[in-house]
Amino acid sequence: MTACTPNKNKAFFNRPWRGYFLLFYFLILSFSGWSQDDSRPKVGLVLSGGGAKGLAHIGALKVIEEAGIEIDYIGGTSMGAIVGALYASGYSAQQLDSIFYALDLTELIQDKVPRGAKTFYEKDDDERYALGLPFDGFKVSFPQAFSGGQNIYNELVRLLYHVKDVQDFSKLPIPFLCIATDVESGEGILLDQGYLPEAITASGTFPSLFEPMEIDGRVLIDGGVVNNFPVDEIRALGADIIIGVDVQHGLSSRDELGSATEILLQINNYRTVRDMKEKKDKVDLYIHPEMELIR
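The structure displayed is predicted, hence computed values, not measured ones.

What is the right way to look at helix α10 (residues 260-279) in this model?
Think of an α-helix as 3.6 residues a turn; residues three or four steps apart then line up on the same face. In a regular helix each residue adds 1.5 Å, so 20 residues correspond to 28 Å; α10 covers 28 Å between its end C-alpha atoms and thus fits that length. Of all the bends found along α10, the most pronounced is centred on Asn269 and spans about 35°. Restricting attention to buried positions, one finds in α10 the residues Gln266, Asn268, Asn269, Thr272, Met276 and Lys279. Looking at the buried residues of α10, the elements they touch are α9 (231-236) and β10 (285-287).

Here's what the structure looks like:
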């Protein structure tokens, strides 16, 4: 597939993916097979997880809009859930491009409090210590994860404020669902109602990087652990045609596994890579960008 190199190390695609128009031409032909007496076929969109590379979904959304394809259902996992939920809430692809381009993802992940909100002593500590260790009583312990995810959650609350009262995700401008994993049972959890920022944050809480999130008594982590591409769930909503955008990582070589997080990602990818061989045959239009071009 065709891809564009992001500007300034950002995975945002500011020029359309011309190579996809041939694929959308095939999709348009499939629409023409429906008689005038039939209602328009319902189109579902599935967005995979894939870490920061999941922002490549925005490029696919731009091309979908340019092709005049109307999306009726959206499902996603992890970063695909975040991008999908924002699009389902009413943002256009161009608006999403602008929003994410302006964000500093490193600052959001690190959960740093803005310097202007800190006391003199907190500012001094920041300059001397790279890592803070929590205390439990009088015993020092290690953080549960690299990030509590609070800054990301706060940003999602802000961006989704206009749909804060929508508890049933089928009532969003575009019906939406996402997947998380119950850390105790290993069960995939379908999230299609509740508080939208909580649901998509839970879907993207990658183990060791973010702390798990508790929703309705369940402790949830990244949905990609069990279901990184919820195509069956979107088909069940009534989609006649499904577009799938797959930006998940492939398996890495030993030379690329330089940290504990990368090894955990590799372990998680054993299942997702295997499952994708079957799932990609369930979509009508499968888009898999050349992720190695994204630096």
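Let us keep going from here.
Even after reading the chapter, I still don't get the packing of helix α3 (residues 79-88) against helix α8 (residues 196-203), so can you show me in this structure?
Two quantities define a packed helix pair, namely the angle between the helix axes and the distance between the axes. Close contact between α3 and α8 brings their axes to 7 Å; oriented N to C, the two are set at 155°. As judged from the angle between their axes, α3 and α8 are roughly antiparallel. Note that α3 runs across α8; the crossing there is right-handed. Of the residues in α8, those touching α3 at Ala81, Ile82 and Ala85 are Leu196, Ile200 and Ser203. Classifying every residue of the contact of α3 with α8 by side-chain character gives five nonpolar, one polar and no charged.

Even after reading the chapter, I still don't get the pattern of salt bridges, so can you show me in this structure?
Opposite charge on two side chains allows them to pair when their charged atoms are near. Following the criterion strictly, the structure yields eleven salt bridges and no others. For Asp284, the salt bridge identified is with Arg235, shortest N-O distance 3.6 Å. Here the residue Asp284 occupies a position in the loop between α10 and β10, and Arg235 occupies one in helix α9, the gap between them amounting to 49 residues. Looking at Asp284, the relative accessible area reads 36%, which means it is partly exposed. The residue Arg271 makes a salt bridge to Asp275 at a minimum N-O spacing of 3.5 Å. You can see Arg271 and its partner Asp275 sitting in helix α10, four residues apart, about one turn around the helix. Judged by relative accessible area, Arg271 falls into the partly exposed class, the value being 38%. Connected via shared salt-bridge partners are Arg40, Glu70 and Asp72.

How should the side chain of Asn227 be read in this particular structure?
Mapped onto the fold, Asn227 is located in the loop between β8 (218-222) and α9. With residues up to four places along the chain from it excluded, the contact list for Asn227 reads Thr77, Ile179, Glu233 and Lys279.

Even after reading the chapter, I still don't get unusual backbone geometry, so can you show me in this structure?
Glycine aside, residues mostly have negative phi angles, and peptide bonds mostly take the trans form. Its identity as a non-glycine residue notwithstanding, Ser78 has a phi of 60°, on the positive side. Mapped onto the secondary structure, Ser78 falls in the loop between β2 (73-77) and α3. Look at Asp216: it is not a glycine, yet its phi comes out positive at around 50°. Look at Asp216 and you get exposed, because its relative accessible area is 78%.

Explanation requested: the nonpolar core in the structure shown.
Side chains of a nonpolar character, in soluble globular proteins, are inclined to be buried together. Core analysis: the biggest nonpolar cluster contains 51 residues, and Leu45, Ile71, Leu96, Phe176, Leu196, Ile200 and Ile243 have the highest contact counts within it. Counting ten residues, the second-largest nonpolar core is a separate cluster that includes Tyr73, Ile234, Ile242 and Val283.

Would you mind going over the environment of Met276 with me for this structure?
Take Met276: it is sitting in helix α10. Spatially, the C-alpha atom of Met276 lies 8.8 Å from that of Asp246, the residues being 30 residues apart in sequence. Ignoring anything within four residues of it in the chain, the contact list for Met276 reads Phe229, Asp246, Gln248 and Tyr286.

Whenever I open this one, the packing of helix α2 (residues 57-66) against α3 confuses me. Can you help?
Where α2 contacts α3, the axes come no closer than 10 Å and their chain directions differ by 35°. The handedness of the crossing between α2 and α3 comes out as right-handed. Within the contact between the two elements, α2 uses His57, Ile58, Leu61 and Glu65 and α3 uses Gly80, Val83 and Tyr87. Of the residues in the contact of α2 with α3, the class split is four nonpolar, two polar and one charged.

Is there a simple way to think about the pairing of strand β1 (residues 43-47) in this case?
Side chains on a regular strand alternate between the two faces of the sheet. Here β1 lies mainly inside the structure; five of its five residues are buried. By the alternation rule, side chains of β1 split into Val43, Leu45 and Leu47 and Gly44 and Val46, which are all buried. Alignment of β1 against β2, held across four bridges, turns out to be parallel. Across the sheet, the residue bridging to Leu47 is Gly76, located in β2.

Help me understand the environment of Ala180, please; the structure alone is not making it clear to me.
Among the secondary structure elements, Ala180 is positioned in strand β5 (residues 176-182). By relative accessible area, Ala180 is classed as buried at 0%. Residues Ala180 and Gly76, spaced 104 residues apart in sequence, show a C-alpha to C-alpha distance of 9.9 Å. In this structure Ala180 touches Glu187, Gly188, Ile189, Leu191, Ala202, Ser203, Leu220, Ile221, Gly223 and Val226, once residues within four positions along its chain are discounted.

Reading the values: rules and limits
Residues numbered from 1 in each chain as written. Predicted model: local features only at pLDDT ≥ 70, side-chain atom pairs only at ≥ 80, totals over all residues. Heavy atoms only, no water. Helix = DSSP H or I, 4+ residues; strand = E, 2+ residues; numbered from the N terminus. Expected span 1.5 Å × (residues − 1). Bend = angle between axes of the 7 residues up to and from the residue. Buried < 20%, exposed > 50% of the residue type's maximum accessible area, 1.4 Å probe, protein only. Contact = heavy atoms within 4.5 Å. Axes fitted to C-alpha atoms, helices over the stretch in contact; angles between N-to-C directions. Parallel < 35°, antiparallel > 145°, perpendicular 65-115°, else oblique. Left-handed = near helix turned anticlockwise from the far one by under 90°. Nonpolar A, V, L, I, M, F, W, Y, C, P; charged D, E, K, R; others polar. Salt bridge = Lys/Arg side-chain N within 4 Å of Asp/Glu carboxyl O. Core = buried A, V, L, I, M, F, W, Y, C linked by side-chain atoms within 4.5 Å. Pairing = 2+ DSSP bridges.

Geometry only, nothing functional implied.
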